[in-house]
Amino acid sequence: MNTIFLIIKREYLVRVRKRSFVIMTILGPLLIFAFYAVIGWAAISSINQKKVAVIDESGRFANQFKDTKETTYSYLKQPLAQAKKQFAKSGYDALVFIPTNVIEQPKTVQIFAEKSVSLDLQNNIERAISKEIETIKLNQAGITRKIIEDAKVNVDAQTFSLRDSGEQNSSAIATSIIGYVCAFLIYISVFIYGTQVMRGVMEEKTNRIVEVIISSVKPFQLMMGKIIGVALVGLTQFMLWILLTVGLFTVGGQVFGDKVDRGRAAMQTSAAAGQGAAAAPEVRQAQQGVMNNVLRAIETLNIPLIVACFLFYFLGGYLLYSALFGAIGAAVDNETETQQFMFPITLPIIGAIAVAQFVIREPDGALAFWTSMIPFTSPVIMMVRVPFGVPGWELALSMFLLAIGFAGTTWLAARIYRVGILMYGKKVTYKELSKWVFYKA
Amino acid sequence: MNILETRHIVKQYAEHRALDDVSLVVPKGSIFGLLGPNGAGKTSLIRIINQITAPDEGEVFLMGEHLNPNHIRHIGYLPEERGLYKKMKVGEQLLYLAQLKGLSEKEAMEKLKIWFVKFDIKTWWNKHIEDLSKGMQQKVQFVATVMHEPDLIILDEPFSGFDPINANLIKDEILELRDKGSTIIFSTHRMESVEELCDHIALINRSHKVLDGPKRAIKEQFKTHTYHVEYQGALSDLPSAFSVLSTKPIDDGFLRADIQIPPDAAVNDLIRHLIDRVAVRSFGENIPSMNDIFIKAVGATND
């Protein structure tokens with residue numbers, strides 16, 4: 001027992017101390033953060049970037065254009081021809097010309113710009129103009145804007161799932177995303193850490209240290225020590241990623257949050273003169289509405305259950321596959337020979353991630369049920385299903401079968417391993433492997 | 001007293017029987033040569049003693065007890081296929097291997113210090129194995145084998161990869177370990193080192209033990225009752241019991257003859273007859289070399 005602990009310790013420390021581990025652990029969250037930071041920065045730096053000049057010959061649109069994050073508007077009182085001439089020096093990004101007869105002929109509105117005008121800007125201007133024309137026309141017909149607003153009913157359907165705990169708010173999209181992300185993480189980590197086990201076994205075999213070691217410990221202890229050591233490396237990496245990402249986003253979020261607020265405040269004061277601050281809170285409310293929906297949906301999910309299941313299926317799936325990866329490493333002499341054995345072993349889990357897309361659409365179907373029972377696919381498929389809610393007995397049965405599954409593959413792998421590690425210069429076939437399984441120790 | 005005893009060991013691999021009824025006795029404090037051609041079954045036997053594999057039939061006793069996992073720390077094994085973790089540091093690696101043998105970290109540290117001083121390799125502690133030359137790696141490997149002061153040391157081709165200077169160093173270490181009370185099993189093809197170091201041998205060929213016992217007794221068993229004499233003069237009309245196998249001239253008019261005597265005859269009779277007839281410069285028994293014995297014994301069982 002003491003020796004297996006020593007092996008775990010070595011396997012763990014050797015990998016955690018590697019430069020590549022440190023780099024990957026720091027780089028992962030940094031890349032995610034940098035990705036969001038670039039988007040955030042782009043959003044902030046676009047504030048006040050577009051300056052639009054408006055020549056309103058009709059005189060009906062004074063202060064109808066509301067300043068937003070992206071655009072500010074100013075009104076020019078000069079003829080179009082003159083404005084066009086001075087445009088290059090004026091520092092404006094675009095020039096909007098509204099002719100006197102705009103109400104009768106709305107298509108006469110013109111937008112000039114040095115570069116092409118962005119679709120967003122064009123839409124904003126068109127919307128503002130058409131809304132104002134609409135109001136004018138409605139007024140002419142004797143209807144006020146107020147009546148229209150009252151007549152508009154905003155329908156935002158909320159989805160509910162009927163469960164024993166009563167009606168709960170749920171959001172199908174959030175549930176699917178969480179399920180799929182968990183499943184994909186398990187899929188990726190089985191590959192990453194499974195191959196690490198295989199490489200480790202091959203390294204010991206080609207270094208010829210393996211015979212020295214197994215004169216001190218049982219081959220099974222050496223194999224399990226490596227598998228557990230690598231599992232701990234995987235868990236460490238996950239934990240660090242989560243901690244670093246959360247940390248970066250908390251710190252980064254504050255910095256960016258300040259900037260955004262300051263930007264908004266500046267915008268509002270500048271817009272205050274133009275009485276148009278009304279739009280921003282509206283938009284913000286709408287965004288908060290969506291966010292609240294998702295957050296509410298997440299709150300109704302059984303997060304502790306999902307986390308517990310994730311850990312169980314991550315470890316179960318990893319143990320099941322890494323034992324087989326270890327056996328491959330023991331059976332072959334070099335990397336190129338691994339290919340022929342890798343394919344049949346990785347086939348079920350690649351299949352599982354493909355099937356997962358159908359399971360998301362129908363998480364309670366027959367396909368979903370059976371693939372979440374088979375130990376080779378259950379770690380991926382069950383993780384897709386868990387956020388949708390799975391009957392307790394199905395979960396228990398699936399976990400039980402997975403436990404039997406990894407006990408089985410570990411047993412099989414150990415028997416191949418103990419023969420393989422001492423076998424040099426022999427090209428192995430499946431027939432040969434099956435013989436090894438039945439050798440007496 | 002015997003440190004190791006194997007009784008009727010059989011090891012079967014699919015269609016191949018690697019060991020067939022092999023019984024050996026290794027006396028405590030000896031340097032025991034385990035000889036045999038490639039593929040004879042030596043490595044299989046060594047792996048059984050190290051509990052890497054188990055025999056299909058037969059029993060192994062170490063220090064009078066049935067072989068069991070507690071014996072692991074009493075054995076030091078240097079396999080023929082050997083190596084170290086390339087990316088690990090020398091000190092760290094040796095500490096790890098010592099702890100796997102059951103030493104505490106503190107004990108291991110103390111023992112390692114002694115070896116690092118002895119081999120004058122103190123500066124290597126923080127070096128990575130991959131930065132050492134092959135000979136240096138072999139030294140580290142030897143330390144790894146013996147640092148836990150095992151009662152039984154099993155060395156499979158220990159000198160391969162060593163230059164003559166380091167080979168000598170290791171040879172002296174082997175003798176010193178023996179003098180301190182360790183027993184050494186020594187598996188090799190190099191008959192000159194068997195000749196030099198071993199006091200007991202066993203020969204395995206084609207999964208069977210062909211020969212074993214004290215080296216002197218085996219030489220006795222294989223002796224041909226031939227003697228050589230260097231002389232001047234004419235060696236004629238010797239009694240018919242003494243047959244002259246060959247005569248050839250050597251330097252300065254001296255001749256050399258190989259003479260065989262009957263197993264029951266006394267050497268003194270031959271000497272007396274020689275003195276009567278020729279001027280003798282030297283006389284001695286033709287003792288078979290381990291090389292001769294090896295070839296003869298293996299050849300005999302292959303026929």
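- Under an unreviewed UniProt entry, the name given to chain B is ATP-binding cassette domain-containing protein, and the organism recorded is Fibrisoma montanum.
- What UniProt states about chain B under its Sequence similarities (unreviewed entry) heading is, verbatim, "Belongs to the ABC transporter superfamily."

- An unreviewed UniProt entry annotates chain A as ABC transporter permease originating from Fibrisoma montanum.
- Under the heading Subcellular location (unreviewed entry), UniProt records this for chain A: "Cell membrane".

**Topic: the overall build of chain B**
Item 1. In terms of helices and strands, chain B carries 9 helices and 14 strands.
Item 2. Over its C-alpha atoms, taken along the principal directions, chain B stretches across nearly 75 × 45 × 35 Å.
Item 3. In chain B, which comprises 303 residues, the proportion classed as buried is 36%.
Item 4. Restricting to contacts in chain B with at least 6 residues of sequence separation, those with at least 24 account for 70%.

**Some details on the overall build of chain A**
Item 1. Counting its regular elements, chain A contains 15 helices and 6 strands.
Item 2. Within chain A, the fraction of its 441 residues that count as buried is 29%.
Item 3. Taking the contacts inside chain A whose residues are at least 6 apart along the sequence as the reference set, 74% of them involve residues at least 24 apart.

**Side note on the interface of chain B and chain A**
Item 1. Taken together, the contact between chain B and chain A spans 21 residues of the former and 17 residues of the latter.
Item 2. Considering every element that reaches the side of chain B that touches chain A, the biggest residue donor is helix α2 (residues 90-100) of chain B, with 4 residues.
Item 3. Residues that form the side of chain B that touches chain A fall into these classes: 12 nonpolar, 4 polar and 5 charged.

**Overview of the packing of α2(B) against helix α4 (residues 134-146) of chain B**
Residue and element names in this part refer to chain B.
Item 1. At a minimum axis distance of 9 Å, the contact between α2 and α4 shows a crossing angle of 25°. With respect to each other, α2 and α4 are oriented roughly parallel. By crossing handedness, the relation of α2 to α4 is classed as right-handed. Across from Val-90, Leu-94 and Leu-97 in α2, the residues of α4 making contact are Val-140, Val-143 and Ala-144.
Item 2. Residue composition of the contact of α2 with α4, grouped by class: 6 nonpolar, no polar and no charged.

**Focus: the UniProt feature "transmembrane region" (unreviewed entry) in chain A**
Residue and element names in this part refer to chain A.
Item 1. In this structure's numbering, the residues bearing the UniProt feature "transmembrane region" (unreviewed entry) are residues 21-44, 177-197, 209-232, 238-257, 301-321, 341-360, 367-384 and 396-417.
Item 2. Across residues 177-197 one finds 100% helix and 0% strand; the C-alpha atoms that close the span lie 30 Å apart.
Item 3. Measuring from the first to the last C-alpha atom of residues 209-232 gives 23 Å, for a span that is 79% helix and 0% strand.

**Side note on the sheet that holds strand β3 (residues 31-35) of chain B**
Residue and element names in this part refer to chain B.
Item 1. Overall, mixed pairing links the 6 strands, which are arranged β6-β7-β8-β3-β9-β10 in an open sheet. A single partner strand is all that each edge strand has here, and the edge strands are β6 (75-78) and β10 (208-214). Across this sheet, the average inter-strand angle for adjacent strands is 15°, counted without regard to direction.
Item 2. Two elements, strand β9 (residues 200-205) and β10, share 6 bridges in a ladder whose sense is antiparallel. Looking at the pairing, Asn-205 lines up with His-208 of β10.
Item 3. Sheet contacts for helix α5 (residues 164-179): β3, β7 (152-156) and β8 (183-187); angle to β8, the most-contacted strand, approximately 145°.

**Considerations on the nonpolar core**
Item 1. Core analysis: the largest hydrophobic core is formed by 129 residues, its most contacted members being Ala327(A), Met383(A), Leu94(B) and Ile154(B).
Item 2. The element that contributes the greatest number of residues to this core is helix α10 (residues 303-331) of chain A, accounting for 15 residues.
Item 3. Each residue touching Leu94(B), except ones within four places of it in the same chain, is listed here: Leu112(B), Val140(B), Val143(B), Ala144(B) and Met147(B).
Item 4. Formed by 15 residues, the second largest nonpolar core is a distinct cluster that contains Val52(A), Phe65(A), Ile98(A) and Val102(A).

**Regarding the sheet that holds strand β1 (residues 50-56) of chain A**
Residues and elements named next belong to chain A.
Item 1. Strand order in this open sheet of 4 strands is β2-β1-β3-β4, and the pairing throughout is mixed. On the outer flanks of this sheet lie β2 (71-76) and β4 (110-113), each paired with one strand and no other. Between one strand axis and the next, the sheet turns by 25° as a mean value, whatever way the strands run.
Item 2. Judged from the 5 bridges that link them, β1 and strand β3 (residues 94-98) form a sheet pairing that is parallel. If you follow Val-52 over to β3, its bridge partner there is Ala-94.

**Some points on helix α4 (residues 119-141) of chain A**
Item 1. For α4(A), with 23 residues, the first-to-last C-alpha span of 32 Å sits near the 33 Å given by 1.5 Å per residue.
Item 2. Gly142(A) lies just past α4(A) and shows a positive phi near 90°.

**Looking at the confidence of the model for chain A**
Item 1. Averaged over all residues, the pLDDT of chain A equals 80, while 82% of them reach at least 70.
Item 2. Contacts from residues 164-169 of chain A, a stretch scored under 50 in pLDDT, to residues over four places away or in other chains number 11 contacts.

**Examining the environment of Val181(A)**
Item 1. In this structure, Val181(A) sits in helix α6 (residues 172-207).
Item 2. Put simply, Val181(A) and Val201(A) are 20 residues apart on the chain and 30 Å apart in space, counted from C-alpha to C-alpha.

**Examining the environment of Lys42(B)**
All names here are of chain B.
Item 1. Looking at where Lys-42 falls in the secondary structure, it is placed in helix α1 (residues 42-49).
Item 2. By the C-beta count within 10 Å, which is 25 here, Lys-42 ends up buried.
Item 3. When residues no more than four places from it in sequence are discounted, the contact partners of Lys-42 are Leu-34, Gly-36, Ser-187 and Ile-204.

**As for the UniProt feature "domain: ABC transporter" (unreviewed entry) in chain B**
Item 1. According to UniProt, the feature "domain: ABC transporter" (unreviewed entry) maps to residues 4-231 of chain B in the numbering used here.
Item 2. Here residues 4-231 of chain B runs as 34% helix and 30% strand, with 49 Å between its end C-alpha atoms.

**Describing α1(B)**
Item 1. Of all 8 residues making up α1(B), 8 are buried, and the element is well covered by its neighbours.
Item 2. Of the positions making up α1(B), those classed as buried are Lys42(B), Thr43(B), Ser44(B), Leu45(B), Ile46(B), Arg47(B), Ile48(B) and Ile49(B).

**Comments concerning the environment of Pro391(A)**
Item 1. As for its placement among the helices and strands, Pro391(A) is situated in the loop between α13 (378-385) and α14 (392-420).
Item 2. By the C-beta count within 10 Å, which is 10 here, Pro391(A) ends up exposed.

**Section: unusual backbone geometry**
All names here are of chain B.
Item 1. Positive phi, normally seen in glycine, also occurs at Glu-149, with a value near 50°.
Item 2. Relative to the helices and strands, Glu-149 resides in the loop between α4 and β7.
Item 3. A positive phi angle is found at His-225, which is not glycine, with a value near 55°.
Item 4. Counting through the fold element by element, His-225 comes out in the loop between α7 (215-222) and β11 (226-232).

**A closer look at the pairing of strand β12 (residues 243-249) of chain B**
Item 1. The buried fraction of β12(B) is low, at 0 of 7 residues.
Item 2. In sequence, β12(B) turns back onto strand β13 (residues 255-260) of chain B through a hairpin of 5 residues, with Asp252(B) there showing a positive phi of about 50°.

**Focus: the confidence of the model for chain B**
Item 1. Per-chain confidence: chain B averages 89 in pLDDT, with 100% of residues scoring 70 or above.
Item 2. The ipTM value of the predicted complex is 0.82, and its pTM value is 0.74.

How each quantity is defined
Residues numbered from 1 in each chain as written. Chains lettered and ligands numbered in written order. Predicted model: local features only at pLDDT ≥ 70, side-chain atom pairs only at ≥ 80, totals over all residues. UniProt positions renumbered as here; feature names shortened; annotations may be inferred. Helix = DSSP H or I, 4+ residues; strand = E, 2+ residues; numbered from the N terminus. Buried ≥ 20, exposed ≤ 12 C-beta atoms within 10 Å, placed from the backbone. Contact = placed C-beta atoms within 7 Å. Nonpolar A, V, L, I, M, F, W, Y, C, P; charged D, E, K, R; others polar. Axes fitted to C-alpha atoms, helices over the stretch in contact; angles between N-to-C directions. Parallel < 35°, antiparallel > 145°, perpendicular 65-115°, else oblique. Left-handed = near helix turned anticlockwise from the far one by under 90°. Pairing = 2+ DSSP bridges. Core = buried A, V, L, I, M, F, W, Y, C linked by C-beta atoms within 7 Å. Expected span 1.5 Å × (residues − 1). pLDDT = per-residue confidence, 0-100.

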